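One-letter residues, chain by chain:
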Amino acid sequence: SSPDTTNEAALAVIAIVKSTPTISPGMARVSINDLLSKPVNESVRKSADEALKTIDRFRGYLRDWEYCGPYFAEGKKIPELADFAFEPEPAALTSSGVGSALVKWKPLNSFQADNPWILNLKAIDGGSDRCMYARTELKANKEQKARLEIGSDDGIVVWLNDERIHAVKEVRGLTVGGDKIDVTLRAGSNVLIVKVLQGNGEWAFCVGLRTPEGEPLDLGGAAE
């Protein structure tokens, strides 16, 4: 094939790797390194290097989520919504068992176009003054310390194993890893639930799982 065809094919592969959440980071890394072994131009090499940096930055970020919602209440905005217990919340489940049976969790497959580790909720619902819930399961082979690194647009409330461990009740843009929460994972299943608050505009979140020192911690549901 001609150099131009090789370069075009390489850029296409890089674009697919960067935008497809079902491709594992390990496989993505192998694919890009394979491209770099070929005679591609400097522009392609730069794009490949940037893709590798993105993949490494998001190692350990969680992509396997379910969601429910949106939920809203008349006259309530972000600060009030943060403390208003809708049916999916652990507190609501224990106080009104009937409500929990009505909660329908669905696979969350809506990712930001240029980053498959950022969950895009606006693609599901474009309304304002509301919230959406997402949950995932973390499987640990032993009890261990860990750190959650969270970014959200706008605010967020977090539960781990039915315990509320974090809340941000404000309008803000998403900063990857902006909130750092030290936690203890128990051996076996750990259920993580987030309530992402929406004022208006963009609506998204991302969660990374790290060691207490900030290194990627790879468990069930985490990227490689």
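**Focus: the sheet that holds strand β4 (residues 115-120)**
So, point 1. With respect to topology, five strands assemble into an open sheet ordered β3-β4-β11-β6-β9, the strand pairing being antiparallel. With partners counted over all chains shown, the strands left at the sheet margins are β3 (111-112) and β9 (179-185), one partner each.
So, point 2. Strand direction decides the pairing type here: β4 and strand β11 (residues 204-210), joined by two bridges, are antiparallel. The residue bridging Asn120 from the neighbouring strand is Ala204, located in β11.

**Details of the pairing of strand β10 (residues 188-198)**
So, point 1. Within β10, eight of the 11 residues are buried, which leaves it mostly tucked inside the rest of the structure.
So, point 2. Here strand β5 (residues 130-140) pairs with β10 via 11 bridges, running antiparallel. Residue pairing for β10: Thr136 is matched across the bridge by Leu192.

**A look at the pattern of salt bridges**
It is possible for side chains of opposite charge to pair when their charged atoms get near one another.
So, point 1. Summed over the entire model, instances satisfying the criterion amount to 11 salt bridges.
So, point 2. A salt bridge links Asp83 to Arg164; the shortest N-O distance between them is 3.0 Å. One end of the pair, Asp83, is in helix α4 (residues 78-83); the other, Arg164, is in strand β8 (residues 163-168), and 81 residues separate them in sequence.
So, point 3. Using a relative accessible area of 36% as the deciding quantity, one classes Arg164 as partly exposed.
So, point 4. The salt bridge partner of Asp125 is Arg130, with a shortest N-O separation of 3.2 Å. Each member of the pair, Asp125 as well as Arg130, is classed as buried.
So, point 5. Connected through shared salt-bridge partners, Asp83, Arg164 and Lys169 make up one network.

**Describing the confidence of the model for the protein**
So, point 1. In this model, the protein carries a mean pLDDT of 85, and residues with pLDDT of at least 70 account for 88%.
So, point 2. Of the regions scoring below 50 in pLDDT, residues 220-224 engages in 26 contacts with residues more than four places distant in sequence or in other chains.

**What about the packing of aromatic side chains?**
So, point 1. Applying the stated criterion across every chain yields a total of five aromatic pairs.
So, point 2. With a centroid separation of 5.6 Å and 80° between ring planes, the pair formed by Tyr71 and Tyr133 is classed as edge-to-face. Note that Tyr71 is positioned in strand β1 (residues 66-71) and Tyr133 in strand β5, a separation of 62 residues in sequence. The two residues Tyr71 and Tyr133 agree in class, both being buried.

**Thoughts on unusual backbone geometry**
Leaving glycine aside, a negative phi is the common case for residues, and trans is the common case for peptide bonds.
So, point 1. A cis geometry characterises the amide bond from Gly69 onward to Pro70, with omega recorded as 15°.
So, point 2. Relative to the helices and strands, Pro70 resides in strand β1.
So, point 3. The amide bond that connects Asp153 to the next residue, Asp154, takes the cis arrangement and shows omega of 10°.
So, point 4. Residue placement: Asp154 occurs in the loop between β6 (144-153) and β7 (156-160).
So, point 5. In the Ramachandran plot, Asp129 falls in the positive-phi region, its phi being about 50° despite a non-glycine side chain.
So, point 6. Along the chain, Asp129 falls in the loop between β4 and β5.
So, point 7. Of note in the backbone geometry, Asn161 takes a positive phi value of approximately 50° without being a glycine.
So, point 8. Locating Asn161 in the fold gives a position in the loop between β7 and β8.

**Brief notes about the side chain of Asn190**
So, point 1. Its location among the elements puts Asn190 in strand β10.
So, point 2. Judged by its relative accessible area of 0%, Asn190 is buried.
So, point 3. A polar contact of 3.2 Å, which involves the side chain of Asn190, links it to the backbone oxygen of Gly188.
So, point 4. In contact with Asn190, other than residues within four places in its own chain, are Thr136, Glu137, Leu138, Ala140, Leu160, Asn161 and Leu185.

Analysis parameters
Residues numbered from 1 in each chain as written. Predicted model: local features only at pLDDT ≥ 70, side-chain atom pairs only at ≥ 80, totals over all residues. Heavy atoms only, no water. Pairing = 2+ DSSP bridges. Helix = DSSP H or I, 4+ residues; strand = E, 2+ residues; numbered from the N terminus. Buried < 20%, exposed > 50% of the residue type's maximum accessible area, 1.4 Å probe, protein only. Salt bridge = Lys/Arg side-chain N within 4 Å of Asp/Glu carboxyl O. pLDDT = per-residue confidence, 0-100. Contact = heavy atoms within 4.5 Å. Phe/Tyr/Trp six-rings, centres within 6.5 Å; stacked < 30°, edge-to-face > 60°. Polar contact = N/O pair within 3.5 Å; in protein donor to acceptor, adjacent residues only side chain to side chain.

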